[in-house]
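So the chains spell out like this:
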Amino acid sequence: MNPYILATLLFGLGLGTAITFASSHWLLAWMGLEMNTLAIIPLMAQHHHPRAVEATTKYFLTQATAAAMLLFASATNAWLTGQWDIQQMTHPLPITLITLALALKIGLAPVHSWLPEVLQGLDLTTGLILSTWQKLAPFALLLQIQPANSVVLMALGLASTLIGGWGGLNQTQLRKVLAYSSIAHLGWMILVLQFSPSLTLLALLTYFVMTLSTFLVFKLNKSTSINMLATSWAKAPAITALAPLILLSLGGLPPLTGFMPKWLILQELTKQDLAPTATLAAMSALLSLYFYLRLSYAMTLTMAPNSLAGTAPWRLQPSQLVLPLALGTTASLLLLPLTPAAVALLSL
């Protein structure tokens, strides 16, 4: 892609998110979300592969549906209350509609079906943008409206953690596994949204760091399926040794960074007398952990039958920048000791 066009599209992505962040009026927020969607579509379809075009079409239709629903809900709110202000949402009907529209935008269960299919059709770089940056603007709106309808949020959160765990169990394609991982992590964030918005933000940031590292590792190895992971040893031994730790951090195992948000979320849910919900969420994390362990096993404990251990592989100079991967990996593994500092910041 022409670098000027690429720069324009990335600028459009950033501007759309910034407009949504800064808006207090529903029409402006909707406009930011639309800019976001329209800027990423050429990035998704840039390879002109039928699979990429199909994924782009699915994504466009889904996002257009969610945007129309959001616009309808905000117009309904203006009709019922005379308010276009995002923070003046008082009527339960538009609040519920907007929550569901934003859930469709980020891919929460039960309106998640598009996410694995779309992610599977994209290259890893665009998939990374879709899994991280594209979640920011809808989350900013969710945090602003503070949905008071706890039943809808709880249902969305629990369904996402369970479906995100179950869905990834029988997948062999890495991008689909990462899509279900995304659904499960978003479920955790939604569970705690109404009790501690700052904790949701912390969980979102740690998810971003861990997902960045995972995508960059797969991109370095040019891996798109579990079978292709087995050749990683020959290509990059050092990063292959660290990759299972990044995956286990995504699964939420101590003493890695990914344990911090899960630990704090379970603590917060227990404080709110929601022990059954916390138990169900913790059990669903075991499902996710299983498929992360499966990836770790394929990556480190198996060796591809066509690469002999005694022969040095042909190594091309990697074209990928390794600094983001190094920083992301370090942050994914070593930030758990900073939990007290995070808790202190959350309570400010």
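Chains are numbered independently. Their residues run from 1 in the order of the written sequence. This being a predicted model, a pLDDT of at least 70 is required before a residue's local features are given, and a value of 80 or more before pairs of side-chain atoms are given or counted; all residues contribute to the totals for chains, interfaces and linings. Water and hydrogen atoms play no part in the side-chain values, which are based on all heavy atoms of the structure.

1. Observations regarding helix α8 (residues 150–167)
Each full turn of the α-helix corresponds to 3.6 residues, which orients residues three or four apart in the same direction. How we decide: Helix and strand definitions follow DSSP, with helices as H or I runs of at least four residues and strands as E runs of at least two, each counted in order from the N terminus. A helix is expected to span 1.5 Å multiplied by its residue count minus one. Only protein chains enter the accessibility calculation, which uses a 1.4 Å probe; a residue is then buried when its area is under 20% of its type maximum, exposed when over 50%, and partly exposed in between. Any two residues whose heavy atoms approach within 4.5 Å at even a single point are treated as in contact.
Taking 1.5 Å as the rise per residue, α8 with 18 residues should run 26 Å; its terminal C-alpha atoms sit 25 Å apart, in good agreement. All buried positions along α8 are accounted for by V152, L153, M154, L156, G157, L158, S160, T161, G164, G165 and G167. Along its buried surface, α8 packs onto α4 (92–106), α9 (174–192), α14 (259–271) and α15 (275–300).

2. What about the environment of L335?
For L335, the position within the fold is in the loop between α16 (323–334) and α17 (339–346). Spatially, the C-alpha atom of L335 lies 7.1 Å from that of L256, the residues being 79 residues apart in sequence. For L335, the contacting residues outside a window of four places in its chain are T257 and M260.

3. Observations regarding the pattern of salt bridges
Under the convention used in this document: Whenever a carboxyl oxygen of Asp or Glu lies within 4 Å of a side-chain nitrogen of Lys or Arg, that contact is scored as a salt bridge.
Within the structure shown, the criterion is met by five salt bridges. The salt bridge involving E117 is made with K176; its shortest N-O contact spans 3.4 Å. Placement of the pair is E117 in helix α5 (residues 114–120) and K176 in helix α9, with a sequence separation of 59 residues. A relative accessible area of 27% places E117 in the partly exposed class. Classification of K176 by relative accessible area gives buried; the value is 18%. Each member of the salt-bridge network shares a partner with another, and the members are R51, E54, K58, E117 and K176.

4. Some details on the packing of aromatic side chains
What counts is decided by this rule: Two rings belonging to Phe, Tyr or Trp (six-membered ring only in the last case) form a pair when the distance between their centres is within 6.5 Å. Interplanar angles under 30 degrees mark stacking, angles over 60 mark edge-to-face geometry, and anything in between is tilted.
All chains considered together, the criterion is met by four aromatic pairs. Taking the centre distance of 5.7 Å and the plane angle of 55° together, the rings of Y59 and W114 count as tilted. Linking Y59 in helix α3 (residues 50–81) with W114 in helix α5, this pair joins segments that are 55 residues apart in sequence. Accessibility classification places Y59 together with W114 in one group, the buried group.

5. Quick look at the domain arrangement of the protein
In plain terms, the rule: Source of the domain bounds: an automatic or database domain assignment. Put simply, buried area is the surface a 1.4 Å probe can reach on two separate parts but cannot reach once they are joined, added for both. Side-chain atoms alone can form a polar contact between residues adjacent in sequence; in general such a contact is a pair of N or O atoms within 3.5 Å, and within protein one must be able to donate a hydrogen while the other accepts it.
Domain parsing of the protein yields domain 1 (1–147) and domain 2 (149–347). The C-alpha-based centres of domain 1 and domain 2 are spaced at 23 Å. Tallying the contact residues gives 30 residues for domain 1 and 33 residues for domain 2. In terms of surface lost to domain 2, no three residues of domain 1 exceed Q120, L124 and F139, which account for 23% of the buried area on that side. Applying the counting rule to domain 1 against domain 2 returns six residue pairs in polar contact (both at pLDDT 80 or more). Secondary-structure elements contributing two or more residues to the side of domain 1 that touches domain 2 are α4, α5, α6 (124–131) and α7 (133–145).

6. Here's the deal with the packing of helix α2 (residues 26–44) against α6
The condition is simple: Interaxial angle, 0 to 180 degrees, is taken between N-to-C directions of lines fitted to C-alpha atoms, where a helix line uses only the stretch in contact. Working rule for angles: under 35 degrees goes down as roughly parallel, over 145 as roughly antiparallel, 65 to 115 as roughly perpendicular, anything else as oblique. Crossing handedness follows the turn of the near helix against the far one: under a right angle anticlockwise gives a left-handed crossing, and clockwise gives a right-handed one. Ten residue types, Ala, Val, Leu, Ile, Met, Phe, Trp, Tyr, Cys and Pro, are classed as nonpolar, four, Asp, Glu, Lys and Arg, as charged, and the remainder, Gly among them, as polar.
At a minimum axis distance of 10 Å, the contact between α2 and α6 shows a crossing angle of 160°. Taken together, the axes of α2 and α6 are roughly antiparallel relative to one another. α2 and α6 meet at a crossing whose hand is left-handed. Residue-level contacts link I40, L43 and M44 of α2 to T126, I129 and L130 of α6. Along the lines of polarity and charge, the residues of the contact of α2 with α6 split into five nonpolar, one polar and no charged.

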